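Structural features, examined
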Amino acid sequence: MIPRRIACLLSLLPAALAFVSPLQQPALLSKRSSSLQSAVLDEPTTKASDATATTNIRNLAVIAHVDHGKTTLVDALIKQSGVFRDEAQSDEAGTCIMDSEDQERERGITILAKNLAVVYDGTKFNILDTPGHADFGGEVERVLNMADGVLLVVDSVEGPKPQTRFVLDKALKKGLTALVVVNKIDRPAARPDYVVDKVFDLFVELGATDEQTDFKVVYASGLLGKAGYTPDSLEDSMKPLFETALKTIPSPKVDRTEPEALQALVSNIDFDNFKGKLGIARISNGSIRKGQAVSLVHPDKPKKTGRLGNLFVFDNLGKREVEEAHAGEIIMFAGLNPEIGDTLVTNENGGANAAEPMTPIAIEQPTVRMTIGVNKSPLAGREGKLLTSRMIRDRLFKELDRNVALQVEETDSADRYQVSGRGQLHLTVLVETMRREGFELEVGPPTVIYKENPETGKMEEPWEALEIRVPEEYSGGVIDLLNLRKGELQDMGIEEGDGMTVVKYLVPTRGMLGLRSSLLTATRGTAIIDSVFDSYRPKIAGEIQARDKGSLLAYADGQITTFGIEGAQERGKMFASPGEECYKGMIVGIHQRPGDLEVNVCKTKQLTNMRSANKGITTGIVAPIQMSLDACVEYLAADEILEVTPSLFRMSKNPAMAGKKSKK
């Protein structure tokens, strides 16, 4: 509440203004409004000042291409907004504060969109941190429903990239205002003028309006916590970014503020061990209070009614329980088992005056699928605790509650399910999460999703726009690889400054499966690869060669021996080590030629009285290739499967497809 002394002084203001010249009145009134904003912000709720806009709230999403510094920039905003008590607490929080998941920190990318709120100069900023990888574009699409503007973060050297185009296109189509942040301006090779020109060209290509094209630019270094209005004069704080966002990003527009006009579209889901499923939504119209009779409505689902259990607003890195909230605020609520796409409306008086449901979130369809099922290998059940098809089914369908870009379908087999997503990484992140939870799984190779064009009646397949930056001496090998994958060259040139060759291709998604490891091998790990879904185009006839070498297969069940590895490693590169268990048909290495070869890696040296046990041991064992989950999935051929346990990955030939290749 406003202190009584301030309230008394404010009540005398109209009388005091009678003795002030008209030219001085606006300045006094503006001071009055600023003091009121900071006082109201201390209240549990934020109330709309009029029926059209809530002036002391800014809802903005941070969007960018992967590795352009979104999360580091958000870290700087958090640390300079007074979230932490002192510098020691700030240092303890470390870097990448918003990347709280283990996989996010290990992979160095943002996977899940997250909310936080900071206060600057009496204005509350609800900041939405989004993923930058193309496979998690579904997170970006639904988060943009809660924003009024976006911070478009662009690297000061690389400029706009494929994912920059994707996320900016979504933001412009929703009519959002963009503030361009040229990040990493402290890099020695920074070229801010070139980057801003490229961003402007991108706005024009995407059909932005005149108002959207007239964007403001702030130059920043998220790592150093500096920002400025020009590249050469950076302040030692993020104040220029806050100030520009305050002026550029519009406050939430509200049509109606009365309680019965309540409309809040659920855009995200969270879970609490005690409160259950929590819905995250932005109040577009009306207001809501704790314990209110409400309904969750959806055009295609039955209506769910009940009372609001708990009501929260975001406060710094956490949430704070409040009694009521008003239009423009982003809330989290418990009760009614919400789902993404539902609209929260009032149900008082039986919902007689309730508002209409809002348009559900439209998400682009998946392009890649794989099967996930019960582990049926001879070594199954030794490590995992969650093994049955019922447990796997429940976990997969539970994932659909918050992963809106994912699809799960039943198959002809009772112990195998078909999971579809935006890309290979999208699916492997799910498999890795389940593995860490104690599941044992059998994963099939990724395949693309074809669809029939209703106009032409022809089958179409997904294509991806691929951009590769590579040293000039390796560009020939890259082009050869992409041509083998049926790619179409779009552009090629040499970048100024570092002299890297930039190759742009359109490649069928079929050709992208397993391509990344081949490119890194061909360029000795120097290639920088970016891709994003482009469109569906007519299916290319014939198969696309994915792997030019076969596999080394275990000849029999048993324990791998040093003697067996010595003989097998002459035939190719090994995945297995001595002492590990194996079974017939298990992949233990890469054959150096096309076609598969069985090797006896369990063979033991015959000991007789004519030879001592340690005589003649002169052959060294070559260290095996350590395969990650992503590398295993990329390696799989059409007739191979991957066994996933909490600590191991084993690849093998699919017993259900045994002999099919030889019959062709």
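Residues numbered from 1 in each chain as written. Predicted model: local features only at pLDDT ≥ 70, side-chain atom pairs only at ≥ 80, totals over all residues. Heavy atoms only, no water.

1. Some words on the side chain of Thr-561
On the secondary structure map, Thr-561 appears in the loop between strand 30 (558–559) and helix 17 (562–568). Residue contacts for Thr-561: discarding those within four places in its chain leaves Pro-578, Val-601, Cys-602, Lys-603 and Thr-604. (Helix = DSSP H or I, 4+ residues; strand = E, 2+ residues; numbered from the N terminus. Contact = heavy atoms within 4.5 Å.)

2. Things to note about the pairing of strand 20 (residues 407–410)
Two strands pair when backbone bridges link them, and strand 20 and strand 21 (residues 416–421) are joined in this way by four bridges, in the antiparallel orientation. The residue bridging Glu-410 from the neighbouring strand is Tyr-417, located in strand 21. Linkage of strand 20 to strand 21, two consecutive antiparallel strands, is achieved through a turn of five residues. (Pairing = 2+ DSSP bridges.)

3. With respect to the environment of Val-199
Here Val-199 lies in helix 9 (residues 192–205). Judged by its relative accessible area of 1%, Val-199 falls in the buried class. When the C-alpha positions of Val-199 and Phe-215 are compared, they lie 9.9 Å apart, and in sequence the two are 16 residues distant. Discounting residues that sit within four places of it in the chain, Val-199 has contacts with Leu-152, Val-154, Pro-160, Val-180 and Phe-215. (Buried < 20%, exposed > 50% of the residue type's maximum accessible area, 1.4 Å probe, protein only.)

4. A word on the packing of aromatic side chains
The full count for this structure, using the stated rule, is five aromatic pairs. Between the aromatic rings of Phe-575 and Tyr-635, the centroid separation amounts to 5.5 Å while the plane-to-plane angle is 85°, which identifies the pairing as edge-to-face. In this pair, Phe-575 sits in the loop between strand 31 (572–574) and strand 32 (581–582) while Tyr-635 sits in helix 18 (residues 629–635), placing the two residues 60 residues apart along the sequence. Summarising the burial analysis for this pair, Phe-575 and Tyr-635 share the class buried. (Phe/Tyr/Trp six-rings, centres within 6.5 Å; stacked < 30°, edge-to-face > 60°.)

5. Some thoughts on the sheet that holds strand 14 (residues 311–315)
As summarised here, the arrangement of the eight strands in space is 13-12-18-9-10-17-14-15, forming an open sheet in which the pairing is antiparallel. Whereas interior strands pair on both sides, the edge strands pair on one side only; in this sheet they are strand 13 (301–307) and strand 15 (318–321). Averaged over all pairs of adjacent strands, the angle between their axes in this sheet comes to 35°, without regard to strand direction. Taken together, the five bridges between strand 10 (residues 276–285) and strand 17 (residues 330–334) define a ladder with antiparallel strand orientation. (Axes fitted to C-alpha atoms, helices over the stretch in contact; angles between N-to-C directions.)

6. Some details on the confidence of the model for the protein chain
With 85% of its residues at a pLDDT of 70 or more, the protein chain shows a mean pLDDT of 80. Overall, residues 1–53 carries pLDDT values under 50, and its contacts beyond four positions in sequence, including any with other chains, amount to 53 contacts. Low confidence marks residues 88–94, where pLDDT is under 50. Its contacts with residues over four positions away, or in another chain, come to five contacts. (pLDDT = per-residue confidence, 0-100.)

7. A closer look at the nonpolar core
Counting residues in hydrophobic clusters, the biggest one holds 41 residues, and the most contacted among them are Ile-63 and Phe-203. Leave out the neighbours within four places in its chain, and Ile-63 touches Lys-70, Thr-130, Val-140, Leu-144, Val-150, Leu-151, Leu-152, Val-153, Val-167, Leu-168 and Ala-171. Formed by 28 residues, the second largest nonpolar core is a distinct cluster that contains Leu-406, Val-419, Leu-629 and Cys-632. (Core = buried A, V, L, I, M, F, W, Y, C linked by side-chain atoms within 4.5 Å.)

8. Regarding helix 13 (residues 424–436)
In this model helix 13 runs 18 Å from its N-terminal to its C-terminal C-alpha over 13 residues, within 8% of the 18 Å that 1.5 Å per residue would give. Burial analysis of helix 13 places 11 of its 13 residues in the buried class, the great majority of the element. Of the positions making up helix 13, those classed as buried are Gln-424, Leu-425, His-426, Leu-427, Thr-428, Val-429, Leu-430, Val-431, Glu-432, Met-434 and Arg-435. (Expected span 1.5 Å × (residues − 1).)

9. Here we look at the packing of helix 8 (residues 162–173) against helix 9
Helix 9 packs onto helix 8 with a crossing angle of 50° between their chain directions and a minimal axis gap of 10 Å. The pairing of helix 8 with helix 9 is recorded here as oblique in orientation. Considering the relative orientation of helix 8 and helix 9, their crossing is right-handed. Contacts between helix 8 and helix 9 involve Thr-164, Arg-165, Leu-168 and Leu-172 on the former and, on the latter, Leu-202, Phe-203 and Glu-205. Classifying every residue of the contact of helix 8 with helix 9 by side-chain character gives four nonpolar, one polar and two charged. (Parallel < 35°, antiparallel > 145°, perpendicular 65-115°, else oblique. Left-handed = near helix turned anticlockwise from the far one by under 90°. Nonpolar A, V, L, I, M, F, W, Y, C, P; charged D, E, K, R; others polar.)

10. A look at unusual backbone geometry
The residue Lys-486 is not glycine, and still its phi comes out positive at about 65°. Structurally, Lys-486 is set in the loop between helix 14 (475–484) and strand 26 (488–494). For Arg-524, which is not glycine, the phi torsion reads 55° and is therefore positive. Along the polypeptide, Arg-524 turns up in the loop between helix 16 (515–522) and strand 28 (528–538). Taking relative accessible area as the criterion, Arg-524 reaches 68% and is therefore assigned exposed.

11. Observations concerning the packing of helix 14 against helix 16
Contact geometry for helix 14 and helix 16: axes closest at 9 Å, N-to-C directions at 155°. Here helix 14 is positioned roughly antiparallel relative to helix 16, judged by the angle of their axes. Seen along the crossing, helix 14 lies across helix 16 with a hand that is right-handed. On the side of helix 14, the interface is formed by Val-478, Leu-481 and Leu-482, while helix 16 contributes Leu-515, Ser-518, Leu-519 and Ala-522. For the contact of helix 14 with helix 16, the class distribution of residues is six nonpolar, one polar and no charged.

12. Digging into the pairing of strand 9 (residues 263–272)
Most of strand 9 is tucked away: seven of the 10 residues are buried. In this structure, strand 9 lies alongside strand 10, joined through nine bridges in antiparallel fashion. For Gln-263, the partnering residue across the bridge sits in strand 10 and is Asn-285. Counted between consecutive antiparallel strands, the loop separating strand 9 from strand 10 contains three residues. Where strand 9 lies against strand 18 (residues 343–346), two bridges are found, and the strand directions are antiparallel. Each bridged residue has a counterpart across the sheet, and for Leu-265 the counterpart in strand 18 is Thr-343.

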